[in-house]
Structure formats: C-alpha cells, structure tokens
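What follows is each chain in one-letter form.
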Amino acid sequence: GEDYQEVRYEGYGPYGVAVIVEALTDNRNRTGGDLRSIFAKGGGALGESNSVAFQFERKGVLRYPATAGSADTLLEAAIEAGAEDVESGEEGHEISCAVEDFSSVRDALETRFGTAESGKLEWWPSTTIDLDEERAREILKLLDILDDHDDVQNVYANFEVDAAAMERLSA
C-alpha cells in the first residue's frame, strides 16, 4: 500500500507522563498494535484520541544555529515577523509562534537569516511533571523505543528533569 497517513497516537508512560507520538503509516492497525505493546512493556498505556493532547499546545517552531546572529538580532526579527517567543543559548536560537503564523514567520526569518536548521509544528507541554533521574531514565527508555519504530516521526512527552541529571542521562 502506497497510502500513507499521518496519525497521532496518545498515551501515558509510567508516573503519569503524557506522551504524543506522530507516525506515518500505511497500516494504522499494525502501527497502533505495535505502539500499544511498546507502551505496555514500558509501564504505560496507549490511550484514546485526545486523551493527552489537552496537556500540550501546538506551536510552530524554527531553530537557527547560534551563528545566525545575536540573541537581540534574532529576537527583534522574530517579534517583527509575528513570533511569540525566542529562546537563545549556546546551542542556538529557538523561535516559537502560533500555528497559524508559522508560514509567515518562517518566510520572514528565512528571507533574512536563510533556511532554518529545522522548522515544523511541534507539541509543547503546557504542564510538566518533574522526575528524578531514575524515573526519567525509565521514561527516556520508553521514548527511545517508540522513536526507533519505523513508522514513528516524532515523540513528545511532558516531563522535566533537572539539567545535571539530564546531562548524566544523555551521557
């Protein structure tokens, strides 16, 4: 079947962490079954449609390398273009905007700074669950396994872990 569909799956990991999985599949039943078993093995459960989406908001997100310009330059240009927020740091600039403004913000910034490293619609958690290192490790393991599935495009979750623990976890 050449008939691929974008499908959003939602569920909970352990500790009540909400997870959104975006997939591209030619067989929803197979993908859904695979994801259901990954969630179950990971101590969570696949939920109904919209069971966790309310805990996230959809945003347009553009990322530029730090070399694209100073934080002030990008902030000024992004706000002028209609963006909502800019986070700048050593690793670069992350510009977020309302979904309906995404095309116009992207076009304005690309005219000035060139093509973004990435530009897409993402799910950002509106509330997060703080986890310690051990619990975060469990969640990250689940997210990695989900991410490794052939049909899965993106995985989002609403947990936070402090920076020092995150560094150890990603080492």
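Structure: see above.
Our subject in this report is the structure included herewith. (Residues numbered from 1 in each chain as written. Predicted model: local features only at pLDDT ≥ 70, side-chain atom pairs only at ≥ 80, totals over all residues. Heavy atoms only, no water.)

A word on the pattern of salt bridges. Overall, the coordinates contain 11 salt bridges when judged by the stated rule. Residue Glu-22 pairs with Arg-58 through a salt bridge whose shortest N-O separation is 3.1 Å. Of this pair, Glu-22 sits in strand 2 (residues 18-25) while Arg-58 sits in strand 4 (residues 56-64), and the two are 36 residues apart along the sequence. Given the relative accessible area of 30%, Arg-58 is considered partly exposed. A salt bridge links Glu-133 to Arg-137; its shortest N-O distance comes to 3.7 Å. With Glu-133 and Arg-137 both in helix 4 (residues 133-148) and four residues apart, the pair spans about one turn of that helix. One salt-bridge network, in which partners are shared between bridges, spans Arg-63, Glu-94, Lys-120 and Glu-122. (Salt bridge = Lys/Arg side-chain N within 4 Å of Asp/Glu carboxyl O. Helix = DSSP H or I, 4+ residues; strand = E, 2+ residues; numbered from the N terminus. Buried < 20%, exposed > 50% of the residue type's maximum accessible area, 1.4 Å probe, protein only.)

What follows concerns the sheet that holds strand 5 (residues 85-89). The sheet built from four strands is open, its strands ordered 5-6-4-7 with antiparallel pairing. Edge positions in the open sheet fall to strand 5 and strand 7 (118-125), since each of these has one partner strand only. Across the sheet, the mean angle separating the axes of adjacent strands is 30 degrees when strand polarity is ignored. Across the face of the sheet, helix 3 (residues 102-113) comes into contact with strand 4, strand 6 (92-98) and strand 7 while running at roughly 10 degrees to strand 4. (Pairing = 2+ DSSP bridges. Axes fitted to C-alpha atoms, helices over the stretch in contact; angles between N-to-C directions. Contact = heavy atoms within 4.5 Å.)

What follows is about the side chain of Ser-96. Checked against the element boundaries, Ser-96 lands in strand 6. Leave out the neighbours within four places in its chain, and Ser-96 touches Lys-59, Gly-60, Ala-83, Glu-84, Asp-85 and Trp-124.

Strand order in this open sheet of four strands is 3-1-2-9, and the pairing throughout is antiparallel. Of all the strands in the sheet, the pair left with one neighbour each is strand 3 (45-46) and strand 9 (152-157). Inspection of the sheet shows strand 2 paired to strand 9 by five bridges, in the antiparallel sense. Its bridge partner being in strand 9, Val-19 is matched across the sheet by Ala-157.

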